[in-house]
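These are the residues of each chain, in order.
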Amino acid sequence: MKRGIILLTLVCLPLAACGKRGPRDVAPAEPPPAPIVPGQGKGLSASDRQQFYHLPEGSEVFPLPWMRALESVSTGQPFMNGLDRFGLIPDPNNPDGLPVGITATPSRDTRFLDLKMVGVNCAACHVNELKVGDKTVRIDGAPSLFDLGAFYGDLIESSLATAKSPAKLFQFLRTLAHQPEKTTLAESAAPRPRALIARAFADLASLRAAGEMEKGMADALDALIKAEHALPPVNLGAKMSTTKQGGTDFLSGQADASKHWKGKKPGAGSPLAKIASPEVLAARVLPAWLNEARVVIRLLRARGQFLQTLVQIQGGTSIGPGRIDAFGGARNLIFRPTPLDPSSAPVSYPHLWGFGDTVWLHWDANTTSVMERNIGQSLGLGAIFNPKTHESTVLPRNLHSLEVLADKLAAPAWPADVFGKIDADRAKRGEKLFGSQCATCHVEKGKDDPDKDGLLPLDTIGTDPARALSFAKPLNGQPFSDALADALGKIKRQAYADAKISPDEAKEFDGTRGVKWRATGRYARRPLVAIWATPPYLHNNSVPTLYDLLLPPAERPATFPLGQRDYDVKKLGYATAGVGAPRFTYDTAKAGNHNTGHDYGTHLSEDERYDLLEYLKSR
């Protein structure tokens with residue numbers, strides 16, 4: 001799974017250590033936040049920034065107390081320790097200890113109202129940090145290095161491994177018993193059997209060794225796990241509802257396990273003897289404990305199965321840090337074709353500054369609707385939806401609020417105090433080169449300019465065509481843009497109805513651009529504003545620095561490390577030498593990863609290249 005996972009979402013998700021901890025869960029202290037790059041706010045206050053970082057948009061990936069209790073199969077440590085391994089940025093200002101882009105809010109699914117759910121919002125993919133030496137700067141609105149595929153993959157594997165291993169499950173239950181929040185569907189104030197037993201025994205081995213009754217409990221847990229894994233996982237979307245109490249019958253049912261402990265007594269000095277008499281233990285406490293374990297197993301498997309609908313395990317191109325195959329994911333998530341389409345067109349998370357002045361969104365300018373593309377994003381990041389009723393956990397008011405906050409982000413200014421001063425003479429020479437080499441395509445245009453979203457044919461730009469072609473691929477004989485618009489429109493209207501969105505609000509949320517979808521089969525040209533802050537380059541992240549982009553395609557790096565934050569202030573992009581073991585190696589030979597095309601300015605001399613780069617620092 002680790003390298004084969006292909007994320008199937010509509011943009012971008014993260015987490016860090018948080019809250020009261022279990023007996024073995026000690027997280028390291030978080031570093032202070034990096035300073036924000038100058039020029040970044042048109043009124044974005046500290047409160048606004050926290051909203052941008054953590055306002056939920058409807059994504060419900062995993063219960064917060066469960067994620068705190070989960071052990072990662074890849075590290076052997078609590079899952080939420082060291083989440084920078086997924087490219088996540090800690091936020092010590094968050095009261096729950098959650099990193100940038102991670103949210104926590106009570107579930108909107110009426111079956112899970114007792115659970116506070118972890119989710120992801122847009123900041124997970126659109127806030128980054130760059131490092132020079134021992135100094136780091138944060139850039140709000142920049143494409144991040146969040147590795148969605150690795151994050152989901154570890155969460156899936158860890159959940160399923162916990163549900164399958166008696167020892168891991170017992171430890172999970174024990175750690176869960178120390179969580180401050182409600183951790184089951186209907187938790188009472190009184191101590192539950194799971195909590196009593198989990199606190200009494202350090203691990204499954206000590207339970208099994210304590211006496212005959214305790215060994216019977218361990219045997220019963222083994223048998224329960226085998227029985228549950230003989231059943232198919234629960235489909236969380238099938239009976240999902242936000243407006244009426246959903247049934248939890250999929251969690252009910254109790255096999256008679258009394259044979260494992262019938263007639264047996266706790267061991268001498270066993271903590272069980274302090275909880276109740278052998279008769280009460282056998283008739284009430286132990287059956288209740290086992291039934292709680294059943295609920296946990298079923299929900300762990302259901303969550304793992306749910307997350308697997310967001311990824312494709314076989315085939316396709318590995319995504320790695322800072323990319324997503326947004327619309328390849330939409331096909332598989334919403335329409336479930338048989339067989340699933342392998343990912344072939346992962347692209348960079350775009351920067352957000354200036355998006356409010358953009359009429360058509362995305363690399364191929366395929367929609368005018370911020371709300372509908374954000375609903376698709378929310379679904380891809382873990383919002384649950386019922387395909388029959390179109391009910392979902394999407395939060396349209398919050399999505400609009402996040403849009404308003406993102407529109408406040410201005411392009412960052414070059415941080416001269418950290419990255420070094422701009423050479424004015426070089427920049428002046430570079431400005432002339434920009435006019436002759438770049439300005440024809442990369443020029444700022446007015447809102448009403450009919451050519452504002454000018455599109456370049458694939459044979460003209462020459463860059464990897466996979467992204468533009470994949471969206472244009474029909475679905476069951478219908479244009480994919482039409483099918484997607486219909487599906488997202490239905491989910492949007494139902495979300496508006498559930499949230500009691502007024503007609504005036506709906507008009508505001510849909511915006512002045514209107515709601516249009518199209519397949520262009522081309523790539524849009526955009527202004528180069530603060531482009532130095534958005535590595536790697538080209539729409540698919542196939543070129544690590546702007547210097548490399550000015551080389552002929554055959555001379556650009558064929559492979560390079562990706563995932564490190566070290567910034568090359570000379571070449572303007574991610575440093576590729578002396579950065580240690582790579583978290584991910586980008587291979588331009590893979591489908592969708594080609595670094596061909598965009599050969600403009602590649603004839604420049606070495607001095608001219610650096611002149612042009614110096615000017616780009618000032619834009």
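Here the structure is a predicted model, which means the values were calculated and not measured.

K.L.:
Is there a simple way to explain the overall build of the protein chain in this structure?
P.N.:
Scanning the protein chain from terminus to terminus reveals 20 helices and 15 strands. By residue count, 57% of the 619 residues in the protein chain fall in the buried class. Entry remark: accessible area of the protein chain is about 24,200 Å², with carbon and sulfur atoms responsible for 54%.

K.L.:
Help me out: how do you make sense of the sheet that holds strand S2 (residues 62–63) in this one?
P.N.:
As a general point, the strands of a sheet are linked pairwise by backbone hydrogen bonds and lie either parallel or antiparallel. Strand order in the open sheet formed by three strands is S2-S4-S3, and the pairing between neighbours is antiparallel. For this open sheet the edge positions go to S2 and strand S3 (102–106), each flanked by a neighbour on one side alone. Bridge count for S3 against strand S4 (residues 116–120) is five bridges, and the pairing is antiparallel. Residue pairing for S4: Thr103 is matched across the bridge by Gly119.

K.L.:
I keep staring at helix H12 (residues 396–407) and nothing clicks. Help me out?
P.N.:
An α-helix turns once every 3.6 residues. As a result, residues three or four positions apart point the same way. Spanning twelve residues, H12 covers 17 Å between terminal C-alpha atoms, matching the ideal 16 Å at 1.5 Å per step. Turning to H12, its buried residues are Pro396, Asn398, Leu399, His400, Leu402, Glu403, Leu405 and Ala406. Of the surrounding secondary structure, the elements contacted by the buried residues of H12 are helix H1 (46–54), helix H11 (370–380), helix H17 (480–498) and helix H18 (503–510).

K.L.:
It is not clear to me how unusual backbone geometry should be interpreted in this structure. Could you clarify?
P.N.:
Residue Pro536 follows Pro535 across a cis peptide bond; omega there is -10 degrees. By secondary structure assignment, the location of Pro536 is in the loop between strand S11 (523–524) and helix H19 (546–549). At Ala365, a position not held by glycine, the phi torsion is positive, near 50 degrees. Turning to its location among the elements, Ala365 is positioned in the loop between strand S9 (347–348) and H11. We note that Lys500 has phi near 55 degrees; this positive angle belongs to a residue other than glycine. Within the secondary structure, Lys500 sits in the loop between H17 and H18. In this structure Lys500 comes out as exposed when scored by relative accessible area, which is 69%.

K.L.:
In this structure, what is going on with the side chain of Thr463? I would like to understand it.
P.N.:
Relative to the helices and strands, Thr463 is located in the loop between helix H15 (458–461) and helix H16 (466–472). For Thr463, the contacting residues outside a window of four places in its chain are Leu458, Tyr523, Leu538, His539, Thr596, Gly597 and His598.

K.L.:
Even after reading the chapter, I still don't get the state of the cysteines, so can you show me in this structure?
P.N.:
Counting across every chain of the model gives zero disulfides. No disulfide involves Cys441; its sulfur sits 9.1 Å from the nearest other cysteine sulfur, which is in Cys438.

K.L.:
It is not clear to me how the nonpolar core should be interpreted in this structure. Could you clarify?
P.N.:
In a soluble, globular protein the nonpolar side chains are often hidden away together inside. Core analysis: the largest hydrophobic core is formed by 98 residues, its most contacted members being Trp66, Phe79, Phe146, Leu155, Ile197, Leu379 and Leu484. At 14 residues, helix H9 (residues 278–308) tops the list of elements feeding residues into this core. Those residues in contact with Phe79 that sit more than four places away from it in its chain are Met67, Leu70, Glu71, Ser72, Arg85, Phe86, Phe151, Asp154, Leu155 and Ser158.

K.L.:
What should I look at first to understand the packing of helix H10 (residues 326–335) against H17 in this one?
P.N.:
For any two helices packed against each other, one specifies the crossing angle of their axes together with the interaxial distance. In the contact formed by H10 and H17, the axes pass within 11 Å of each other and the chain directions differ by 55 degrees. In terms of axis orientation, H10 runs oblique to H17. Of the two elements, H10 crosses H17, and the hand of that crossing is left-handed. When H10 is examined against H17, the residues Phe327, Ala330, Arg331, Ile334 and Phe335 are found in contact with a partner set consisting of Phe480, Ala483, Leu484, Ala487 and Leu488. The class makeup of the residues in the contact of H10 with H17 is nine nonpolar, no polar and one charged.

What counts, and where the lines are drawn
Residues numbered from 1 in each chain as written. Predicted model: local features only at pLDDT ≥ 70, side-chain atom pairs only at ≥ 80, totals over all residues. Heavy atoms only, no water. Helix = DSSP H or I, 4+ residues; strand = E, 2+ residues; numbered from the N terminus. Buried < 20%, exposed > 50% of the residue type's maximum accessible area, 1.4 Å probe, protein only. Areas by Shrake-Rupley, 256 points an atom, 1.4 Å probe, with all protein chains shown as cover. Pairing = 2+ DSSP bridges. Expected span 1.5 Å × (residues − 1). Contact = heavy atoms within 4.5 Å. Disulfide = S-S within 2.5 Å. Core = buried A, V, L, I, M, F, W, Y, C linked by side-chain atoms within 4.5 Å. Axes fitted to C-alpha atoms, helices over the stretch in contact; angles between N-to-C directions. Parallel < 35°, antiparallel > 145°, perpendicular 65-115°, else oblique. Left-handed = near helix turned anticlockwise from the far one by under 90°. Nonpolar A, V, L, I, M, F, W, Y, C, P; charged D, E, K, R; others polar.

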